[in-house]
Amino acid sequence: MYMAYGWPQVIPLLPGSCPSSQRIVYLKLAGKLLLVVSPSHLELWGSSQQRVRLGKYIRDEKSVVEEGENLRAVWSPDSKLIAVLTSSFFLHIYKVKFMDKRVKTGERQPSELCFASISLLLSEQVPFAGEDLSVSNFVRDGKTMLLGLSDGCLYSISWKGEFGGAFTIGSQRSDSNDDRLLSYPVGNGLVSGVDSPTLVADDKISTKSAIVQLELCASLKLLFVLSSDGQLVVCSVNKKGLKYTESIKAEEKLAADAVCVSVASEQQILAVGTRKGAVELYDLSQSVSLLRTVSLHDWGYSADYTGPVNDIAWTPDNSAFAVGWKSRGLAVWSVSGCRLMSTVRQIGLSSVSSPKINPNQDSRYEPLMNGTSAIQWDEYGYRLFATEEASCDRILAFSFGKCCLNRGVSGKTYIRQVMYGEDRLLMVQAEDTDDLKLLHLKLPVSYITQNWPVQHVAASEDGQYLAIAGLHGLILYDVRFKKWRVFGDVSQEQQIHCKGLLWLGKIVVICNYVETSETYELLFYPRYHLDQSSLLCRKVLLGKPMVMDVYQDYILVSYLPFIIHVYHVKLYGELTPSSKAYLELSTVRELSIMTAKSHPAAMRFVPDQHPREREEDSDTLSSDLSDKEPSRCLILRGNGELSLLDLVNGRERELTDSVELFWVTCGQSEEKTNLVEEVSWLDYGHRGMQVWYPSLGDDPFIQEDFLQLDPELEFDREVYPLGLLPNFGVVVGVSQRMSFSASAEFPCFEPTPQAQTILHCLLRHLLQRDKNEEALLLAQLSAEKPHFSHCLEWLLFTVFEADISRPNASRSQISEPGHLKKLSLLRKACDLIKNFPEYYDVVVNVARKTDARHWADLFSAAGISTTLFEDCFQRRWYRTAACYILVIAKLEGPAVSQYCALRLLQATLDESLYDLAGELVRFLLRSGREIEQAPTESDTLSSPKLLGFLIFGSSHKKSSLDKSTSFKEQSPHVASVKSILESHASYLMSGKELSKLVAFVKGTQFDIVDFLQRERYGCAQLENFAAGLELIGQKLQMSELQNRLDAEFLLAQMCSVKFKEWIVVLATLLQRSEVLYDIFRSDLRLWKAYSMTLQSHLAFSQYHDLLQILEEKLSATAGEGSSRGSIS
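The following refers to the structure shown. Bear in mind the structure is a predicted one, so any value in this text is a computation, not a measurement.

## Thoughts on unusual backbone geometry
Part 1 of the argument: With an omega of -5°, the peptide bond between Trp452 and Pro453 qualifies as cis.
Part 2 of the argument: For Pro453, the location among the structural elements is in the loop between α3 (445–451) and β36 (456–459).
Part 3 of the argument: Leu560 connects to Pro561 through a cis peptide bond whose omega is 0°.
Part 4 of the argument: Inspection of the secondary structure assignment puts Pro561 in the loop between β45 (554–559) and β46 (563–572).
Part 5 of the argument: Unusually for a residue other than glycine, Ser79 sits at a positive phi of about 65°.
Part 6 of the argument: When you line up the elements, Ser79 lands in the loop between β7 (70–75) and β8 (81–86).
Part 7 of the argument: Here the phi dihedral of Gln552 falls at roughly 55°; this positive angle occurs in a residue that is not glycine.
Part 8 of the argument: As for its position among the elements, Gln552 is in the loop between β44 (545–551) and β45.

What follows is the structure, given as structure tokens:
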């Protein structure tokens, strides 16, 4: 797994001599060197810790004019020669010679990089120069170069400059080729053989189509020839090399829409880029069968915006690949199809047309906006170098952190979810799964500058220590105290070439390569002291270990071709600085397995959850079952095949394929809060996350169903799992995010951790095995964990969905044992959830997500809907109780639901839950009309509108009640609702609870105007102005914005009914002089009484300014009236 972090770095290139083609010709990495060929010059850079220019060769202007710009280039395998073909078909061969002058880094030790000189050895025009041909890229081995021509031929050139001439690809056909099938994935990643629409059964393989790309895979002895018409020919190559051109034979031909290809030799996967911007992955080990297709279409971008695929580059370990498009952007995918990184900003979801981007907006924040020309990974996969289309002035370098879980000889990171970059660790901090953070932990400069880069990382079983190894030595990190521990003696540190790391309790195990003797050995150091004097044991190995693993006191080491040794570790003494301890290793098992399968990429011991019976032996039998030697191990092979190996009899059983990583969880933690102990292991691949459980039986390995698979964990295709939090019962994944800054040209890539629970899978598994008490204990341990309610809901939903999805025939057979088992599983799930207060919410949420036709089945197991409603009502869980109203209407009838809704309406009004009361009012009115109009069951009862509001809240704008829902309808149903609402409105108005009154009116759409007209001399009457103003002022504090808004709302309603007493009070509180002026100018007697009241009460001194304003306005009005009278 590879995830980008930080800002892309820019490597500036030398300006060219006005080339006509603004494009990088060739970009190639070899070890710690980076070669860049531009149209007019060559540059050699260091691609390791120091990115410096080591050498260059600039062609003079005369050479460029006479012999043409650089067109194609290739680098020899030994990095000593560079061949360049110019646009005028001149072949230039350059020699790279490294000097004794090393790059100065300012550190104690000089850099390994040396400056280099690049000189021209040969310049000669190729024989086909005058034939008006175009050429493809070069491929090469140690002696020969090949390039394709536009006439469909290949041309051979030696590194000595000898022209071998053009030749066509031969045909090597067998009688069985006509019946050859290609395999395509169907269903859940399964493979089915179908007649291939792409495989051409034509004996005449070679065509006259132009060859546009060549791809050589030396380890597989395959040459891929891509033509301009999109056809791809797979050719076999002589094991002695490309020099023997007559041995290059066509094996297969794919009629694809290909524009570029790239091969992952270790996994034997062919990536084919198409004109439509997609990448098709083919399995070369299965007769070129299609595995899957990945593209940005699902993220809203079509080929119209990205253009065709321009380049594909696999990571060094072949676990991921980068894709560059001709028109825009770059992305990185895992083999299983998880999008790990993308420079193209996500705008929307999948659509017919891509989202339109304003080229002048945000384009400066997107790298490679104009397309990607070439991409290359560095030696370790920590950097991805990319060049832009129509640009040759710079290279972009993206930093990547990786997490090669369970790969090779590095130990597991079971508790700590760790990615590692070239000089740092990216560690998930998981104190709370709701707030996962990624900590950048940079290694001490004194260590990493001398031992760059990070190569191996392993976490201790308790997660408290991390072991990190660079090029030499070892460094330990104490997570709890945030301290580093290194070798005190630098000479000892330089003698360690770590090829693998393991933790054996408090002991760190190093697989060390001894250069002098070219041997491998295991070194055992206590974590409290890294020094030769504290070395506990040194074990010489038979050869280079392929994979290693450790469980308790047992170490597994595997060698090529497939030899397995299991060692038992015996510790003598105590592991303390004050005492002397030492180790002894004894071989307890040796296996040599003959197989034609691909080599293992990872192996892990599988502790026996159901130990098989063994013969009693007092010398070997341990009283503690956990101390027994594991008898099985999981094997993940390089091609993604996962199998289980019996270490006793050597029998191997295939489990699944297309797996990228896995975690063995059983027996890994002794903590009581470990929530995943019942799981055997988990794996992740193309099918998503899969959970494996042990089955019952004395010998579960012999049974056909010795394992149970749970495939119901689907990760988002942008989230890649890192590891487990066993105490939370969640899987932690990571996805890409980008942050933008106005001061930076490019965005910052930020890996973001995310959590996904597996608790529902564990609970369902325990219930299936009738482990009800264990399931309850597990649920109780998880009750305080985040997302617990969601887990219970997901458990009930998946069990119920499985129950109702069975065919009707099997559902009707009540007596069938299988049906009883399914039905009892639903009831057991309900019985389990009943132990928790979340039960009522869980049941009704599951009902909301399923068809109303199946509610009867659900509530036959969960309980009677009216009983559940009553329980919620008595506990005053009114929102949850309201969710049951629709269920009651469906199962018990409208009359019962009306009765329950009316009770709930009264209770919600008493609790001032007016939004909820408003939804209940609308339901009551609607269902009341339906009872009158159609006594039969109405489809609208199953509408999720009310249920959705009660769970998520209402976001729509409520419209006022029309005539059909007004209170003027005097049906019994409407009358009941009207009576309850008017009674509550009278209660609020009598107590002058005006804020609640406003919320009540807005929430229920109560007709306040009609109410005020009828209650003018009732509960709405104000007996005394001064007392009313004081009381309402206390109820409505005008210093708060919401109270002012409520007063404005009431003032508008009072104005509509011309309720003068209330208008005066509210306008005074709001100090609305214009409203008061309109009243007092026609009734000066009222004005005098009003003015006298405010002046005579000290509590109303705040309104004296208002009185002055009104006095001035009224005086001015009186003066105007007098002047008009005198004139007349």
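## Some points on the packing of aromatic side chains
Part 1 of the argument: Under the definition given, this model contains 33 aromatic pairs.
Part 2 of the argument: Considering the side-chain rings of Tyr477 and Trp484, the 4.6 Å spacing of their centres and the 50° angle between planes classify their relative orientation as tilted.
Part 3 of the argument: Classification of Tyr477 as buried rests on a relative accessible area of 4%.
Part 4 of the argument: Using a relative accessible area of 27% as the deciding quantity, one classes Trp484 as partly exposed.
Part 5 of the argument: Centre to centre, the rings of Phe1025 and Tyr1090 are 5.5 Å apart; their planes meet at 55°, and the pair counts as tilted. With Phe1025 in helix α20 (residues 1025–1035) and Tyr1090 in helix α24 (residues 1084–1096), this pair connects stretches of sequence that are 65 residues apart.
Part 6 of the argument: Judged by relative accessible area, Tyr1090 falls into the buried class, the value being 3%.
Part 7 of the argument: Taken together, the aromatic side chains of Phe89, Phe128, Tyr155 and Phe163 make up a single cluster linked through ring pairs.
Part 8 of the argument: The side chain of Lys1002 reaches across the aromatic face of Phe1049, ending 5.1 Å from its centre.

## Regarding the pattern of salt bridges
Part 1 of the argument: Across all of its chains, the model carries 35 salt bridges by this definition.
Part 2 of the argument: The shortest N-O distance in the salt bridge between Arg328 and Glu366 comes to 2.8 Å. Placement of the pair is Arg328 in the loop between β27 (320–325) and β28 (330–334) and Glu366 in the loop between β29 (339–342) and β30 (372–377), with a sequence separation of 38 residues. Of the two residues, Arg328 and Glu366, neither departs from the other in class, the shared state being buried.
Part 3 of the argument: Between Asp423 and Lys442 there is a salt bridge, with the nearest N and O atoms lying 3.8 Å from each other. Taken as a pair, Asp423 in the loop between β33 (418–420) and β34 (424–429) and Lys442 in strand β35 (residues 437–442) lie far apart in primary sequence, 19 residues in all.
Part 4 of the argument: If you follow the salt bridges from partner to partner, you end up with Lys597, Arg637, Glu641, Glu652 and Glu654 in one network.

## A short note on the sheet that holds strand β6 (residues 53–58)
Part 1 of the argument: Reading across the sheet, the four strands line up as β3-β4-β5-β6 and stay open at both edges, with antiparallel pairing between neighbours. A single partner strand is all that each edge strand has here, and the edge strands are β3 (26–30) and β6. Between one strand axis and the next, the sheet turns through 10° on average, direction left out of account.
Part 2 of the argument: Note that strand β4 (residues 33–37) and strand β5 (residues 41–46) share five bridges and pair antiparallel. Residue pairing across strands places Leu35 opposite Leu44, the latter belonging to β5.

## Observations concerning the pairing of strand β9 (residues 90–102)
For a regular strand, side chains alternate in direction, first toward one face of the sheet and then toward the other.
Part 1 of the argument: Relative to β9, β8 runs antiparallel, the two being bridged by five bridges. The residue bridging Ala83 from the neighbouring strand is Ile93, located in β9.
Part 2 of the argument: The antiparallel pairing of β8 with β9 creates a hairpin that spans three residues between the two strands, and Phe89 there sits at a positive phi of about 65°.
Part 3 of the argument: For β9 and strand β10 (residues 114–125), the ladder comprises ten bridges, and the chain directions are antiparallel. Directly across from Lys95, in β10, lies its bridge partner Ser119.

## Here we look at the sheet that holds strand β50 (residues 642–646)
Where strands meet in a sheet, backbone hydrogen bonds hold them as pairs that are either parallel or antiparallel.
Part 1 of the argument: Overall, antiparallel pairing links the four strands, which are arranged β48-β49-β50-β51 in an open sheet. The open sheet has two edge strands, β48 (600–606) and β51 (652–656), and neither has a second partner. Neighbour-to-neighbour, the strand axes of the sheet open up by a mean angle of 25°, direction not taken into account.
Part 2 of the argument: One ladder, built from four bridges, connects β50 with β51; its direction is antiparallel. Across the sheet, the residue bridging to Ser643 is Glu654, located in β51.

## Digging into the environment of Gly685
Part 1 of the argument: Inspection of the secondary structure assignment puts Gly685 in strand β53 (residues 681–685).
Part 2 of the argument: Sequence spacing of Gly685 and Phe662 is 23 residues, and the spatial spacing of their C-alpha atoms is 8.9 Å.
Part 3 of the argument: The contact partners of Gly685, leaving out residues within four places of it in the chain, are Ser336, Ser658, Val659 and Glu660.

## Section: helix α23 (residues 1073–1080)
Part 1 of the argument: A large share of α23 lies buried, amounting to six of its eight residues.
Part 2 of the argument: Where α23 is concerned, the buried positions are Ser1073, Val1075, Leu1076, Tyr1077, Ile1079 and Phe1080.

## A short note on the pairing of strand β42 (residues 519–526)
Part 1 of the argument: Taken across its eight residues, β42 has seven buried, putting it largely inside the fold.
Part 2 of the argument: As paired elements, strand β41 (residues 507–514) and β42 share eight bridges and run antiparallel to each other. Opposite Asn512, over in β42, you have Glu521 as the bridge partner.
Part 3 of the argument: In textbook terms, the turn of a hairpin is the stretch between consecutive antiparallel strands, and for β41 and β42 this stretch comprises four residues, one of which, Glu518, has a positive phi near 55°.
Part 4 of the argument: Both β42 and strand β43 (residues 537–540) contribute to a ladder of four bridges, which runs antiparallel. Counterpart to Phe524 in the pairing with β43 is Cys537.

Criteria and cut-off values
Residues numbered from 1 in each chain as written. Predicted model: local features only at pLDDT ≥ 70, side-chain atom pairs only at ≥ 80, totals over all residues. Heavy atoms only, no water. Helix = DSSP H or I, 4+ residues; strand = E, 2+ residues; numbered from the N terminus. Phe/Tyr/Trp six-rings, centres within 6.5 Å; stacked < 30°, edge-to-face > 60°. Buried < 20%, exposed > 50% of the residue type's maximum accessible area, 1.4 Å probe, protein only. Lys NZ or Arg CZ within 6 Å of the ring centre and 35° of its normal. Salt bridge = Lys/Arg side-chain N within 4 Å of Asp/Glu carboxyl O. Pairing = 2+ DSSP bridges. Axes fitted to C-alpha atoms, helices over the stretch in contact; angles between N-to-C directions. Contact = heavy atoms within 4.5 Å.

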